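# Observations on the three-dimensional arrangement
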Amino acid sequence: DDIPIIGDRKVELPELARIFLGDRWRLFFLVTMAFDLYGLTWTVAAVFAESLTDCFPIWNDDSATYRVYIGAFAMVAIPLSFLDIVDQLILQMIFLCSRLLMVIFMVTTTAAAFSSDIPHFGFQEKPASSAPLADFS
């Protein structure tokens, strides 16, 4: 476990907040963590559904497609939220490798575009190598 152990007793973050800051700060910690996790989950769900709605529309109605993808996200995320982090180890490692791979692809794609003399992306009118990386004028 990653929970700090004092002697043979495990101490979690809300308990540490209560010990060092008191009951009111423990409650403040718990409420802010709840809002933080709620906001983060909402953001990830919205980005997931919006991206899939744009890339893989199911129907002509974007609103209905968006709701289907939100439901799909919920069917995966809600059961996972009940698992301990140790039970999610394989999934977390897959996510870590995926994020690393995505960063490598983004950097490689951008470097290839800047080293080329032809347009590569969508409605791009001229090569990326002709655009400055930064313009401070």
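An account of the accompanying structure is given in this report. (Residues numbered from 1 in each chain as written. Predicted model: local features only at pLDDT ≥ 70, side-chain atom pairs only at ≥ 80, totals over all residues. Heavy atoms only, no water.)

Moving on, we get to the overall build of the protein. In terms of helices and strands, the protein carries four helices and two strands. Going from N to C terminus, the protein has its helices and strands arranged as β-β-α-α-α-α. Across the 137 residues that make up the protein, the buried fraction comes to 10%. Across the protein, the fraction of contacts at a sequence separation of at least 24, relative to all contacts at a separation of at least 6, is 10%. If you sum the accessible surface of the protein, you get close to 11,500 Å²; carbon and sulfur atoms cover 69% of it. (Helix = DSSP H or I, 4+ residues; strand = E, 2+ residues; numbered from the N terminus. Buried < 20%, exposed > 50% of the residue type's maximum accessible area, 1.4 Å probe, protein only. Contact = heavy atoms within 4.5 Å. Areas by Shrake-Rupley, 256 points an atom, 1.4 Å probe, with all protein chains shown as cover.)

Here the focus is helix α2 (residues 23-55). Over its 33 residues, α2 runs 48 Å from end to end, which matches the ideal 48 Å to within 8%, given 1.5 Å per residue. Taken residue by residue, α2 has Ala45, Ala49 and Thr53 as its buried positions. Considering only its buried residues, α2 is in contact with α3 (62-81). (Expected span 1.5 Å × (residues − 1).)

This part is about the packing of α2 against α3. Between α2 and α3, the shortest axis-to-axis distance is 8 Å and the interhelical angle comes to 130 degrees. Of the possible angle classes, the one that applies to α2 and α3 is oblique. Remark: the crossing between α2 and α3 carries right-handed chirality. Every residue of α3 that contacts α2 at Thr41, Val44, Ala45, Ala46, Phe48, Ala49, Glu50, Leu52 and Thr53 is listed here: Asp62, Thr65, Tyr66, Tyr69, Ile70 and Phe73. (Axes fitted to C-alpha atoms, helices over the stretch in contact; angles between N-to-C directions. Parallel < 35°, antiparallel > 145°, perpendicular 65-115°, else oblique. Left-handed = near helix turned anticlockwise from the far one by under 90°.)

This next bit is on the packing of aromatic side chains. This structure, assessed with the given rule, holds three aromatic pairs. Note on tryptophan 25 and phenylalanine 28: the rings are 5.3 Å apart at their centroids and 80 degrees apart in plane angle, and the pair reads as edge-to-face. In this pair, tryptophan 25 and phenylalanine 28 are both assigned in helix α2, three residues apart and thus about one turn of the helix distant. Accessibility expressed as a relative area gives 47% for tryptophan 25, which makes it partly exposed. Under the relative-accessibility criterion, phenylalanine 28 is labelled partly exposed at 48%. (Phe/Tyr/Trp six-rings, centres within 6.5 Å; stacked < 30°, edge-to-face > 60°.)

Close approach of charged atoms lets side chains of opposite charge pair. Evaluation of the coordinates by the stated rule reveals one salt bridge. With a closest N to O distance of 2.6 Å, glutamate 15 and arginine 18 form a salt bridge. Of this pair, glutamate 15 and arginine 18 both sit in helix α1 (residues 13-21), three residues apart, roughly one helical turn. The class of glutamate 15 is partly exposed, set by a relative accessible area of 22%. (Salt bridge = Lys/Arg side-chain N within 4 Å of Asp/Glu carboxyl O.)

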